[in-house]
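Descriptive structure summary
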Amino acid sequence: MSSVRVTIAGASGRMGQALIRAVAESNDLVLAYALEREGHPGLGSGAGVDAGGVRLTDDPLTALAKSDVVLDFTAPASTLVLADLAAQARIVHVIGTTGISDANLARIRAAARHAVIVKSGNMSLGVNLLAALVREAAKVLPNYDIEIVEMHHRMKVDAPSGTALLLGEAAAEGRAVALAEHRVPAREGHTGARADGAIGFASLRGGTVVGDHTVTLAGPHERIELTHRAEDRMIFARGAVAAARWGQGKKPGLYGMSDVLGLPV
């Protein structure tokens, strides 16, 4: 069987390099194209020590037309362009980009009518298992207060993290409510008493932390804390590679890592 041809977007970044390494580790995927933005200083040079001689390019149209899957941990504007091109090429689009608005999500859903799109705020097995546990805990303990605290490296530009929102969505799903109606951002000043049913978020930034997330369910005289700590970006890259494999031959649609891993939703 021929290898799955992979395009990696944002190939020179930290996640891009982790994705290149994950593809190089596999025996059934091959790096076909390494994308970077127009004007990137590295265009035309090698994409890294694990890239097998593939050079950086700013031509996504050609790359996706000659690939089976695109792995995308970039920025919302870039992801929307890639979603449209993936739909045209009828290929798999694995999206790990965070900070995507509801309006932009509608455009991704439209692209998923023609492409297999696997989108998740976090691609790791552990985090997606955590989401399933949070969903069940929120359902079983409907009157416990839920707070979500996340910490990332000092260079992260969006907050709360996509993973924190994924966990918040899981908690809301467990209680059959809409997160948008119960989400409470970071608190400051005289906030008054906590509202019943609120799902609180707090974000910390500093150092080189890859990603820590804790969901606390606080009830009368007890607390349950569910925590995941990411120690290496390779857990996200290997999850994205698993999603790339899973998407081959699937019907067009918008999927999540719970689909890839067969977890209950």
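The rules behind the values
- Residues numbered from 1 in each chain as written.
- Predicted model: local features only at pLDDT ≥ 70, side-chain atom pairs only at ≥ 80, totals over all residues.
- Heavy atoms only, no water.
- Pairing = 2+ DSSP bridges.
- Helix = DSSP H or I, 4+ residues; strand = E, 2+ residues; numbered from the N terminus.
- Contact = heavy atoms within 4.5 Å.
- Axes fitted to C-alpha atoms, helices over the stretch in contact; angles between N-to-C directions.
- Salt bridge = Lys/Arg side-chain N within 4 Å of Asp/Glu carboxyl O.
- Buried < 20%, exposed > 50% of the residue type's maximum accessible area, 1.4 Å probe, protein only.

**Details of the sheet that holds strand β1 (residues 4-9)**
Strand order in the open sheet formed by seven strands is β3-β2-β1-β4-β5-β6-β12, with parallel pairing between adjacent strands. The outermost strands of the open sheet, each flanked by one partner alone, are β3 (56-57) and β12 (253-255). Strand direction decides the pairing type here: β1 and strand β4 (residues 69-72), joined by four bridges, are parallel. Along β4, the bridge assignment pairs Ala9 with Asp72. Contacts from helix α1 (residues 14-25) reach β1, β2 (29-35) and β4 within the one sheet, and its direction differs from that of β1 by about 165°.

**Let's talk about the pairing of strand β11 (residues 222-230)**
For strand β10 (residues 211-219) and β11, the ladder comprises nine bridges, and the chain directions are antiparallel. The partner of Val215 across the bridge, within β11, is Leu226. Hairpin geometry of β10 and β11 is characterised by an intervening segment of two residues between the two adjacent antiparallel strands and by a positive phi of about 65° at His221.

**Side note on the pattern of salt bridges**
Applying the stated criterion to the full structure yields 12 salt bridges. With a closest N to O distance of 2.7 Å, Arg194 and Glu147 form a salt bridge. Residue Arg194 is found in the loop between β8 (183-184) and β9 (199-205), and its partner Glu147 is found in strand β7 (residues 145-152); the two are separated by 47 residues along the sequence. Glu147 gets classed as partly exposed once you look at its relative accessible area, which sits at 21%. Put simply, Asp158 and Lys156 hold a salt bridge, and the shortest N to O gap is 3.1 Å. Classification of Lys156 by relative accessible area gives buried; the value is 18%. One network of salt bridges, with partners in common, ties together Asp145, Glu147, Arg187 and Arg194.

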